[in-house]
Amino acid sequence: MADQPTPLMPHATATWLVDNTGLSFEQIAEFCGLHILEVQAMADDLAGSKYTGRDPVYAGELTQAEIEKGQADSTYRLVMQKAPAEVTRTKGPRYTPVSKRQDKPDGIAWILRNHPEVSDAQISKLIGTTRNTIGAVRERSHWNIQNIQPKDPVTLGLCSQRELDAVVKAAAKKAGLENASADPAVEASDKAKLIEELRRERDESEKAAAEAAQEAEAAAWLESKRASEEEQLAEASADLGVETDSAPDSQD
């Protein structure tokens with residue numbers, strides 16, 4: 001059988017299968033792409049990290065019938081019903097971490113002040129913003145204009161120095177501000193390096209977005225699990241209190 005993809009959250013899925021099915025550790029490990037010792041550690045509650053179970057049936061990755069086949073035959077290899085959807089970004093401005101998004105107006109203001117030849121489209125692509133925001137900063141109608149201070153977008157981490165230099169150079173050529181002709185071989189080499197760097201940064205951003213999505217889902221499952229455990233603990237405490245109150249006093 002050809003190799004099949006692993007669940008979106010392998011460890012959380014393995015935890016659920018250990019707790020809710022009679023599948024063997026080998027079957028769970030193979031389906032989740034884990035080592036059998038990892039699954040054994042989860043079952044024995046010895047794993048270094050605690051995972052909240054993720055139901056693969058609810059996620060559409062397994063069917064109950066498939067689980068029953070595996071429980072009936074320990075040598076049966078589970079077949080994934082539907083591979084997890086790949087986390088991808090839609091077309092649009094470049095991805096900027098949430099922690100740096102509030103710095104975008106400062107970067108826009110710096111470019112507008114120091115490189116007025118750069119077009120709004122170039123700024124939008126370089127920093128990952130919208131033309132409306134650029135226009136608001138230029139016209140000083142931005143809602144936070146009183147706090148906007150022009151700052152180098154490279155220093156803010158909104159782009160690399162190579163990206164900024166390339167945009168400024170392209171804008172200068174288009175505006176007729178640069179007359180010197182560069183060596184075509186050097187320009188081709190710089191372009192190739194820039195493309196490679198942009199591709200690498202794009203891949204890193206997509207990877208970070210995928211990891212963030214998985215972490216967010218894991219956090220949601222963990223929060224739900226904790227709430228359930230707290231509710232069960234409260235009910236158990238209430239039942240214990242009732243039994244204690246109703247017990248007759250002992251007499252000598």
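Residues numbered from 1 in each chain as written. Predicted model: local features only at pLDDT ≥ 70, side-chain atom pairs only at ≥ 80, totals over all residues. Heavy atoms only, no water.

1. As for the overall build of the protein chain
Filter applied, for reference: Put simply, DSSP marks the helices as runs of H or I at least four residues long and the strands as runs of E at least two long, and each gets a number from the N terminus on. A simple rule labels every residue: compare its accessible area, found with a 1.4 Å probe on the protein chains alone, to the largest value its type can have, and call it buried under 20%, exposed over 50%, or partly exposed in between. Whether two residues are in contact is decided by their heavy atoms, any of which lying within 4.5 Å being enough. Using a 1.4 Å probe, accessible areas were evaluated by the Shrake-Rupley method; residue-level cover was limited to the displayed protein chains.
On a plain count of helices and strands, the protein chain comes out with ten helices and zero strands. Reading the protein chain from its N terminus to its C terminus gives the helix and strand order α-α-α-α-α-α-α-α-α-α. The buried share among the 252 residues of the protein chain stands at 30%. When contacts within the protein chain are restricted to residue pairs at least 6 apart in sequence, long-range pairs at least 24 apart make up 65% of them. Of the accessible surface of the protein chain, which amounts to about 16400 Å², a share of 51% is contributed by carbon and sulfur atoms.

2. Observations concerning the nonpolar core
The test is simple: In this text, buried Ala, Val, Leu, Ile, Met, Phe, Trp, Tyr and Cys residues form a nonpolar core when linked through side-chain atoms within 4.5 Å.
Counting 20 residues, the largest nonpolar core has Ile 108, Ile 111, Val 118, Ile 123, Leu 126 and Ile 127 as its most contacted members. Those elements giving two or more residues to this core turn out to be α5 (104–114), α6 (120–128), α7 (131–138) and α9 (161–174). If you tally residues by element for this core, the top one is α5, at five residues. With residues up to four places along the chain from it excluded, the contact list for Val 118 reads Ile 111, Ile 123, Val 167, Val 168 and Ala 171.

3. Side note on the pattern of salt bridges
Any two side chains of opposite charge can pair, given that their charged atoms come close. Rules: We count a salt bridge whenever a side-chain nitrogen from Lys or Arg sits within 4 Å of a carboxyl oxygen from Asp or Glu.
Scanning all chains against the criterion turns up four salt bridges. Among the salt bridges present, the one from Arg 77 reaches Glu 30, with a minimum N-O distance of 3.2 Å. Within this pair, whereas Arg 77 is found in the loop between α4 (64–72) and α5, its partner Glu 30 is found in helix α2 (residues 25–32), the two being separated by 47 residues in sequence. Three or more residues joined by partner-sharing salt bridges are found here, namely Arg 54, Glu 61 and Glu 217.

4. A closer look at unusual backbone geometry
The phi angle at Arg 140 is positive, at roughly 60 degrees, despite the residue not being glycine. Inspection of the secondary structure assignment puts Arg 140 in the loop between α7 and α8 (153–156).

5. So, the side chain of Thr 13
Take Thr 13: it is sitting in helix α1 (residues 10–20). Residue class for Thr 13 comes out buried when judged on its relative accessible area of 0%. Ignoring anything within four residues of it in the chain, the contact list for Thr 13 reads Pro 7, Phe 31, Cys 32, Arg 54, Pro 56 and Glu 61.

6. Concerning the environment of Lys 50
Along the chain, the position of Lys 50 falls in the loop between α3 (36–43) and α4. The exposure class of Lys 50 is exposed, given its relative accessible area of 56%. A C-alpha to C-alpha distance of 9.3 Å links Lys 50 and His 11, two positions 39 residues apart in sequence.

7. Quick word on the environment of Asn 132
Topologically, Asn 132 is positioned in helix α7. Measuring from C-alpha to C-alpha, the distance between Asn 132 and His 142 comes to 9.5 Å, with ten residues separating the pair along the chain.

8. Focus: the confidence of the model for the protein chain
Stated precisely, the cut-off is as follows: A residue's pLDDT is the predictor's confidence in that residue, given on a scale from 0 to 100.
Taken over all residues, the pLDDT of the protein chain has a mean of 80, while the share at 70 or more is 79%. The least confident element of the protein chain, judged by mean pLDDT, is helix α10 (residues 184–246) at 73; the most confident is α5 at 93. Between residues 179–183, whose pLDDT stays under 50, and residues either more than four places distant or in other chains, the model counts one contact.

9. Some thoughts on the packing of α5 against α6
In a packed pair of helices, the relevant descriptors are the angle between the two axes and the axis-to-axis distance. Basically, it comes down to this: Structural elements are reduced to axes, namely lines fitted to C-alpha atoms, with helices fitted over the stretch in contact, and the angle between N-to-C directions of any two is expressed from 0 to 180 degrees. Here is the rule for angles: anything less than 35 degrees is roughly parallel, anything more than 145 is roughly antiparallel, 65 through 115 is roughly perpendicular, and the remaining ranges are oblique. Take the far helix as your reference; a near helix turned counterclockwise from it by less than a right angle gives a left-handed crossing, and one turned clockwise gives a right-handed crossing. Charged residues are taken to be Asp, Glu, Lys and Arg, nonpolar residues to be Ala, Val, Leu, Ile, Met, Phe, Trp, Tyr, Cys and Pro, and polar residues to be all remaining types, Gly included.
Contact pair α5 / α6: the axes reach a minimum separation of 11 Å and the direction vectors enclose 140 degrees. On the basis of their axis angle, the class for α5 and α6 is oblique. The way α5 lies across α6 gives a crossing that is right-handed. Judged by residue contacts, Lys 104, Gly 107, Ile 108, Ile 111 and Leu 112 of α5 engage Ile 123, Leu 126, Ile 127 and Gly 128 from α6. Looking at the contact of α5 with α6, its residues break down into six nonpolar, two polar and one charged.

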